[in-house]
Amino acid sequence: MSVFPSSVRGVAFVTLALLAGCRGCQEDTPSSSSLAEDAGLRSGVKVPLPPGWSAQVATDGSFQAGPPGRPALRVDLKPGQGGQMPSSEKLADTVREQMKNFTLSLDQEEDTTSFSLLRVTLAPSLADGGLGAEVPAFFGARRVGDDLFLCASLPGASSEEVRLATEACRTIQVQAAPR
């Protein structure tokens, strides 16, 4: 059971409309997980995870990882869409658009040629005009070759878990296929 109200539980899923499910995700080791796009692809994707984190494939096909017992990071693969990597400004616009019932504080924006990041603090607007509990969140995009990986922290992640999830997204790699 979540300690967050239902409006906050959906925070990470807000921009997940940007995210398509990854196919064929599989766990490799506790500190590094691999994703295979599909059975026909011989290269793998490495998502370096913090010590103690594990990974799984969720029922919706997304790759999720986190500390024991609960995921804190979601990664979705969009094969061949690396050229459509959103900027941190686009991520912010999308979050603002879809989270109209939340107050959004921008904590960090970052853009490079292969990574964009939006780290925020969200608080639900209450009917009495006040604000609910603040929660940290991040949304990111990582381009590796022609592929796009869209990442988000999941509801319930602590500030430190959001930071660790951000670094895992930032360092996603693709391994070349063996010859």
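Please read all numbers here as calculations on a predicted model, not as lab measurements.

Undergrad: Teacher, can you tell me more about the nonpolar core here?
TA: Across soluble globular proteins, you tend to see nonpolar side chains buried next to one another. Residues V47, L73, F138 and I172 are the most contacted members of the largest nonpolar core, which totals 23 residues. Of all the secondary structure elements, the ones that give two or more residues to this core are β3 (45–48), β5 (63–66), β6 (73–78), β8 (115–124), β9 (135–144), β10 (147–153) and α3 (159–170). Take this core: its biggest share by element is 4 residues, from α3. Counting 12 residues, the second largest nonpolar core, distinct from the first, contains A92, M99, F102 and V135.

Undergrad: I would appreciate a short explanation of the sheet that holds β9 in the present structure.
TA: Where strands meet in a sheet, backbone hydrogen bonds hold them as pairs that are either parallel or antiparallel. On the basis of which strands lie adjacent, the open sheet formed by 7 strands has the order β4-β5-β6-β10-β9-β8-β7 and antiparallel pairing. Edge strands, defined here as strands with exactly one partner in the open sheet, are β4 (54–57) and β7 (102–111). Looking at each pair of strands side by side, their axes are set apart by 20° on average, direction ignored. Relative to β6, β5 is paired through 3 bridges, and the arrangement is antiparallel.

Scoring rules and cut-offs
Residues numbered from 1 in each chain as written. Predicted model: local features only at pLDDT ≥ 70, side-chain atom pairs only at ≥ 80, totals over all residues. Heavy atoms only, no water. Core = buried A, V, L, I, M, F, W, Y, C linked by side-chain atoms within 4.5 Å. Buried < 20%, exposed > 50% of the residue type's maximum accessible area, 1.4 Å probe, protein only. Helix = DSSP H or I, 4+ residues; strand = E, 2+ residues; numbered from the N terminus. Pairing = 2+ DSSP bridges. Axes fitted to C-alpha atoms, helices over the stretch in contact; angles between N-to-C directions.

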